[in-house]
Amino acid sequence: MPRNSEKLNLSWFLRHPLVATCILLAMTVLLPFLRVGERVKLWALLPVAKAAGDEAQSPAEAELSEEERNLLELRRAREQAAALLDENNALRQALAQRSNQPQDLVSEFAQAPMPPAVDARVILKGDASSWRHSCVLNRGRKHGIKEGMPVACGRTLVGRTFMVDEGHCIVQLLTDPGFSAGCLMVGQGEAPLRVRGVLRGDGSARPHFPRLELEDVAVGERVEAGMKVLTNDFSGQYPLGLAVGEVREVIPQAGFLQVRIEAYLDLDALDVVQVLLHERPTLEQQAMQLLRKKK
Amino acid sequence: MLERANNLTHPQYRWRLVLGVGLLCGVLHAALLRRLDLGEWQPDIFSIAALYFSLYANRQGRYLPCLVLGLVRDFLSLGLLGSYAVLYSLLHKLASKARLRLDPDHFVNAAAMAFVGTFLVNFGYHAMLALSGDGIGWSRAAMRCLSMACASAPLAPFVFVLANHGLGRLGVQRLAGGYVNV
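Residues numbered from 1 in each chain as written. Chains lettered and ligands numbered in written order. Predicted model: local features only at pLDDT ≥ 70, side-chain atom pairs only at ≥ 80, totals over all residues. Heavy atoms only, no water.

A. Examining the overall build of chain B more closely. Looking only at helices and strands, chain B has eight helices and zero strands in total. Taken from the N to the C terminus, the helices and strands of chain B come in the order α-α-α-α-α-α-α-α. Over its C-alpha atoms chain B spans a radius of gyration of 16 Å, differing by no more than 12% from the 16 Å that the globule rule assigns to 182 residues. In chain B, which comprises 182 residues, the share counted as buried stands at 51%. A separation threshold of at least 6 residues defines the contact pool for chain B, and within that pool the share at least 24 residues apart is 69%. Carbon and sulfur atoms provide 69% of the accessible area of chain B, an area that totals close to 8,400 Å². (Helix = DSSP H or I, 4+ residues; strand = E, 2+ residues; numbered from the N terminus. Rg over C-alpha atoms; globule rule 2.2 N^0.38 Å. Buried < 20%, exposed > 50% of the residue type's maximum accessible area, 1.4 Å probe, protein only. Contact = heavy atoms within 4.5 Å. Areas by Shrake-Rupley, 256 points an atom, 1.4 Å probe, with all protein chains shown as cover.)

B. Representation of the packing of helix H3 (residues 45-56) of chain B against helix H6 (residues 107-131) of chain B. Residue and element names in this part refer to chain B. Running from N to C, H3 and H6 cross one another at 120°; their axes reach a closest spacing of 10 Å. Judged by the angle between their axes, H3 and H6 are oblique. For the crossing formed where H3 meets H6, the hand is right-handed. Here Ser47, Leu51 and Leu55 of H3 lie close against H6, whose contacting residues are Met113, Ala114, Thr118 and Val121. Considering only residue class, the contact of H3 with H6 consists of five nonpolar, two polar and no charged. (Axes fitted to C-alpha atoms, helices over the stretch in contact; angles between N-to-C directions. Parallel < 35°, antiparallel > 145°, perpendicular 65-115°, else oblique. Left-handed = near helix turned anticlockwise from the far one by under 90°. Nonpolar A, V, L, I, M, F, W, Y, C, P; charged D, E, K, R; others polar.)

C. A nonpolar patch on the surface, seen in detail. On the surface, Leu94, Val116 and Leu120 of chain B cluster together to form a nonpolar patch covering roughly 250 Å² of accessible area. Topologically, leucine 94 of chain B is positioned in helix H5 (residues 83-99). (Patch = residues over 30% accessible without salt bridge, like charges linked within 9 Å, V, L, I, M, F, W, Y side chains within 5 Å. Salt bridge = Lys/Arg side-chain N within 4 Å of Asp/Glu carboxyl O.)

D. Up close: the packing of aromatic side chains. All names here are of chain B. Taken as a whole and judged by the stated rule, the model has 10 aromatic pairs over all chains. Relative to tyrosine 56, the ring of tyrosine 52 has its centre 4.9 Å away and its plane inclined at 25°; by these criteria the two rings are stacked. In this pair, tyrosine 52 and tyrosine 56 both sit in helix H3, four residues apart, roughly one turn of the helix. On the basis of relative accessible area, tyrosine 52 is assigned to the buried category, the value being 6%. When its relative accessible area of 1% is taken as the criterion, tyrosine 56 is described as buried. Between the aromatic rings of tyrosine 84 and tyrosine 88, the centroid separation amounts to 5.8 Å while the plane-to-plane angle is 35°, which identifies the pairing as tilted. In this pair, tyrosine 84 and tyrosine 88 are both assigned in helix H5, four residues apart and thus about one turn of the helix distant. Note on accessibility: tyrosine 84 and tyrosine 88 belong to one class, buried. Taken together, the ring pairs connect Tyr52, Phe53, Tyr56 and Phe160 into an aromatic cluster. Between arginine 73 and the ring centre of tyrosine 84, over which it is positioned, the NZ or CZ distance is 4.3 Å. Its guanidinium or amino end placed over the ring of tyrosine 56, arginine 99 lies 5.7 Å from that ring's centre, counting from NZ or CZ. (Phe/Tyr/Trp six-rings, centres within 6.5 Å; stacked < 30°, edge-to-face > 60°. Lys NZ or Arg CZ within 6 Å of the ring centre and 35° of its normal.)

E. Broad picture of the side chain of arginine 144 of chain B. Here arginine 144 of chain B shows up in helix H7 (residues 138-152). Polar side-chain contacts of arginine 144 of chain B include one of 3.1 Å to the side chain of glutamate 40 of chain B. Once residues within four sequence positions are removed from consideration, arginine 144 of chain B is found in contact with Trp131, Asp202, Gly203 and Ser204 of chain A together with Glu40 and Ile136 of chain B. (Polar contact = N/O pair within 3.5 Å; in protein donor to acceptor, adjacent residues only side chain to side chain.)

F. View of the pairing of strand E10 (residues 243-252) of chain A. Residue and element names in this part refer to chain A. Pairing of strand E9 (residues 228-231) with E10, which is carried by three bridges, proceeds in the antiparallel orientation. Residue valine 229 lies in a different strand from E10, and its bridge partner there is glycine 245. Of the strand pairs in this sheet, E10 and strand E11 (residues 256-263) are connected by seven bridges, and their pairing is antiparallel. For proline 252, the partnering residue across the bridge sits in E11 and is leucine 257. (Pairing = 2+ DSSP bridges.)

G. Structural context of the interface of chain B and chain A. Residue-level contacts link 43 residues of chain B with 40 residues of chain A. Where glutamate 213 of chain A meets arginine 140 of chain B, a salt bridge forms, and the shortest distance between an N and an O atom there is 3.4 Å. Applying the counting criterion to the chain B and chain A interface returns 11 residue pairs in polar contact (both at pLDDT 80 or more). Mapped by element, the contributors of at least two residues to the side of chain B that touches chain A are helix H2 (14-33), helix H4 (63-75), H5, H6 and H7 of chain B. Looking at the side of chain B that touches chain A, the element that brings in the most residues is H4 of chain B, giving six residues. In the side of chain B that touches chain A, the residues fall into 22 nonpolar, 13 polar and eight charged.

Everything listed is a geometric property; what it means functionally is a separate question.
Below you can see the structure in the form of structure tokens.
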């Protein structure tokens, strides 16, 4: 008995959703420039970004009289001034402590110039997958943010922008398995050490959470526990001197060293971050920089 | 005859349940489980929910809910859109076959199915990560998947009993064969 042939139309796709999903997955993998999946995901997160957008005046506040509103603003300004005074004192103390210490290689890197930054608030932390690590920020393309820009908290590397929409963006944290960055391990002893490595996230979970690994560290390199790990500007992806973490353990493997580091990233305390407006230079720009250095 | 009876009954609360459970699991994973010091022993509640739909839902309502649950997880995560959806669709196929041999109302069977299901879903996800060059090493991934499966397996029987009880309170019909009309 001949089998009825089915027509390939919308209803067929709706009846065979696995086929539709496979096509979607294939399009995302094989045609990455279309960015189908990313566009759909950013669109899905739009309500969250809108809900957590810039705070407008609350309806209760709008009902207050002019005098009451002035009083409220005065109280807020006093609170802000008190907080700033405390912060100022703490910073002065830290500066005094720092100036007493001898200048080392790490503080040299810490003085490296930083690119301009856009302050952003973390509106959604965490990821539904047990393997991935991400967060959502309330700043996007209209604030000058582009894909691949480094995200930092102070001078500590947090991750990089992964998907960017008009008013919000998704950040890939440095603990995500897809994250990688060229790094330098810097020793603070009498003879300063600089060892190169590639940082890879491993999707670690608590209590091992901000624990990462550095790959491609050649056997024979002198790596010690306690060395500071900083970003390297060799590839141009990240600016020089962003703090990543501290070396905890060095395990010799066949042909390379496995270096375990503890990252400075504190996801719980992450509230306001800076998206550094730093873009990877093109090949021509890198070549010109090299030529200038040689001259 | 039973098949016919299953087909004739209209599923109750299906999409509300799928979306509600999906969002709840997303929040649990993103907000709660990450704050606990569980290390690699993190239970995969999303996969347990997908397994529940595969094992207990109305015959007509197993495949699509699993796929949508996977899509919800994909939307709330950084990975490729459709990866969990495909994995949960395959989990549904596997669970439907296993249900013919094993009774999920039995404590040990439910735990065993959750162990195998969670392990395969997570290992499959790592395979997708490895294909895109983001793998963490096969032996390490296998150990992590085993830890997740070990943490998820004892939870599954309790989740299944709780879900059956909750659906009963909602007035969802029980169908022949131990299925629930969702």
